[in-house]
Amino acid sequence: MSAHPTLQIYNTLTRTKEPFRTVAAGKVGIYLCGPTVYDKAHIGHMVGPVIFDCITRYLTYCGYDVNWVVNITDVDDKLINKANERGITMLDVAEENIKDYRDNLAALGVDQISHFPRATDCMDEIIAFIAQLIERGFAYASEGDVYFDVLKDEAYGKLSNRSVAETLGDGGDQAARKRSPADFALWKSAKPGEPSWESPWGPGRPGWHIECSAMSKKLLGETFDIHGGGLDLVFPHHENEIAQSECCHAAPMVTYWAHNGLLRRDPSAGKIGGKSERDAGADDGGGGKMSRSKGAGGLADLIKKQGGERIRFFLLRTHYRSTVLFSEPAIEEAGIGLDSFHRLFKRYTRVTGKDFYAIKPPTKRGAAARGLATPSYEKFLAAMDDDFNTGGAIGELFELARLANKYCDDHDLENAGKTNTAAVAEFTTLLTTLKELSNILGIFTTAPAASGGGELLSQVMQVVIDLRAESRAKKNFAVSDAIRDALKPLAIAIEDRAGGAEWTGGGDGAVDGVMQLLINLRATSRQSKDFATADAVRNRLAAIGVTLEDRAGGTEWTKA
RNA sequence: GGCGUCGUAGCCAAGUGGCUAAGGCAUCGGAUUGCAAAUCCGACAUCGUGGGUUCGACUCCCACCGACGCCUCCA
């Protein structure tokens with residue numbers, strides 16, 4: 001596959017959208033700055049991985065061979081401090097948080113990463129890189145530290161659009177060792193008791209920026225295609241990376257610098273994990289701010305509560321360069337939209353007897369007969385071509401869902417139209433295209449986890465649905481409606497269909513609730529001398545291994 | 001202060017120098033349903049304010065107001 005000229009990518013370096021071209025034909029190298037693993041991840045750490053996962057999927061779909069690297073910074077002051085606080089090693093701190101990070105990525109469906117290098121695994125490359133910078137006159141050793149000589153780099157400041165004069169701070173604690181306050185550390189000498197590595201300049205550890213230059217060179221080469229990260233990394237991190245790599249190689253480091261927007265919790269609270277949160281100190285519960293401790297540990301819990309697909313979908317609704325206001329109600333709202341797709345997938349099964357998640361759509365961009373889906377298909381790709389506009393692309397997914405539902409309605413595919421093979425084929429094409437496009441976004445890749453409550457709930461619900469169907473057949477709507485109403489507080493919804501009722505929802509405690517509903521139904525039936533219904537309840541529960549025992553204080557149920 | 005980003009309906013959010021400014025949530029009608037749910041159809045925006053450029057701007061330029069980011073660690 002050759003270049004893809006219709007794709008435009010916004011480049012921070014030029015502050016414009018540019019046509020996409022690659023360093024090597026057909027190949028794309030991507031480097032995304034990953035986390036410093038001194039603590040648990042927060043949702044803001046997922047923005048980059050999710051969008052780059054989509055970018056990788058899309059470029060792969062367009063025929064490129066993508067190599068995507070996400071680094072892990074596992075040596076740093078904060079890790080050392082955290083290890084000391086907790087009385088464990090820096091390595092322990094890193095391992096714990098890397099696991100958390102990777103679990104979170106997996107839950108959000110981020111599975112396209114090719115390499116996951118850790119700074120501590122690349123010490124040789126880092127030291128060699130620093131040595132080369134010294135040799136070429138862009139860095140100098142000073143009292144066991146090594147600094148990058150910013151004044152030697154004429155291009156310094158080009159990414160963040162500032163002059164060296166503007167970057168001059170007070171030089172920090174190590175100012176006395178620097179030639180210029182703007183110089184930054186490539187190697188930091190070890191203080192007593194700190195983890196350290198041997199180097200030509202004495203024992204120490206790498207500065208923050210050098211690992212990315214060394215690791216990207218190792219895995220992607222001196223010049224590669226896309227470098228990503230949060231907008232907050234533009235300066236100083238990425239500016240310094242460019243300085244290091246381009247001075248060392250005398251070649252461009254990256255073609256496109258792509259920075260994602262940051263998450264905020266509240267319109268006035270600043271970015272998540274940002275300054276306003278750190279300054280807030282103890283959690284005062286006010287202002288909608290998320291304290292660092294709460295925010296830092298919250299992602300795994302949030303995923304558990306909301307589900308990874310919802311969070312991914314929520315993040316993808318907005319263009320990646322925008323600021324996103326994050327809140328749980330907003331995620332839940334996104335989930336409501338998602339549910340309408342899940343219902344359509346069940347409808348597909350009712351019509352065709354097949355599983356939506358088992359559909360194998362085309363995996364490469366190209367001409368295929370897409371029938372009624374064609375306009376939306378083209379708009380979807382046009383949106384992705386325009387700087388990976390996932391928000392616009394998702395709009396087309398909803399459009400496809402609407403078309404599919406309408407087609408199903410118009411052709412009565414769940415009933416009489418089921419045998420209309422041409423119509424079913426057209427309907428299938430709509431769903432296949434929906435699968436093809438949602439694969440690019442990495443959503444709807446696997447069926448949602450079964451409702452909480454497990455197998456017993458499914459069995460008991462079947463009993464409830466059967467009983468209700470019989471009531472309806474006898475026009476005994478008082479009973480059938482009472483059942484449906486009683487399920488509502490348990491977060492279980494019933495939908496009546498031509499082929500029988502379907503239920504969704506439930507969760508922890510739902511089994512008890514449903515059982516109580518049946519027990520109550522049996523009691524009221526007995527009161528109204530409807531012994532047929534009362535006995536049916538007991539007998540059918542017995543058939544699934546549940547026995548009812550009437551006691552003085554009420555009826556109890558047990559599962560064999 | 002310097003350098004940037006942004007301001008589209010009740011909320012979220014695409015997009016365009018000129019036909020009806022996507023889509024989602026919510027709300028209100030209608031079809032359908034025993035009643036619901038689901039689904040479909042329909043209603044719901046003079047695009048922050050004020051100027052300018054233009055035959056024509058929400059889209060380009062300037063100013064102002066407001067929000068946010070970076071300039072120190074940060075995805």
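Structure first, text after, so check above.
Residues numbered from 1 in each chain as written. Chains lettered and ligands numbered in written order. Predicted model: local features only at pLDDT ≥ 70, side-chain atom pairs only at ≥ 80, totals over all residues. Heavy atoms only, no water.

A closer look at the sheet that holds strand β3 (residues 27-32)
The four strands lie next to each other as β4-β3-β9-β10, forming an open sheet whose pairing is parallel. Each end of this open sheet is capped by a strand with a single partner; those strands are β4 (65-70) and β10 (254-260). Pairwise comparison of adjacent strand axes, ignoring direction, gives a mean angle of 20° for this sheet. Across three bridges, the pairing between β3 and strand β9 (residues 224-230) is parallel. Within the sheet, the bridge partner assigned to Ile30 lies in β9 and is Ile226. Running over the sheet, helix α1 (residues 47-61) touches β3, β4, β9 and β10 and is turned about 175° from β3. (Pairing = 2+ DSSP bridges. Helix = DSSP H or I, 4+ residues; strand = E, 2+ residues; numbered from the N terminus. Axes fitted to C-alpha atoms, helices over the stretch in contact; angles between N-to-C directions. Contact = heavy atoms within 4.5 Å.)

Observations regarding the protein's contact with RNA strand B
Neighbouring RNA strand B are 61 residues, the closest being Lys78, Trp208, Gly230, Leu233 and Arg484. Those atoms of RNA strand B that come within 4 Å of the protein belong to sugar or phosphate at a rate of 64%. Separating a base nitrogen of RNA strand B from a backbone N or O atom of Gly44 is a distance of 2.7 Å. Arg343 has a polar side-chain atom sitting 2.9 Å from a sugar or linking oxygen of RNA strand B. The greatest single-element share of the surface near RNA strand B, amounting to nine residues, is contributed by helix α13 (residues 390-410). Among the residues forming the surface near RNA strand B, the class breakdown is 14 nonpolar, 23 polar and 24 charged. (Near = heavy atom within 4 Å. Polar contact = N/O pair within 3.5 Å; in protein donor to acceptor, adjacent residues only side chain to side chain. Nonpolar A, V, L, I, M, F, W, Y, C, P; charged D, E, K, R; others polar.)

Section: the pairing of β4
In this sheet, β4 lies alongside β3 in parallel orientation, the contact comprising six bridges. Residue pairing across strands places Lys27 opposite Asp65, the latter belonging to β4. One crossover worth recording links β3 to the parallel β4 by way of α1, and it is right-handed. (Right-handed = clockwise from strand over helix to strand, strands pointing away.)

Without other data, these values stay purely geometric and don't point to any function.
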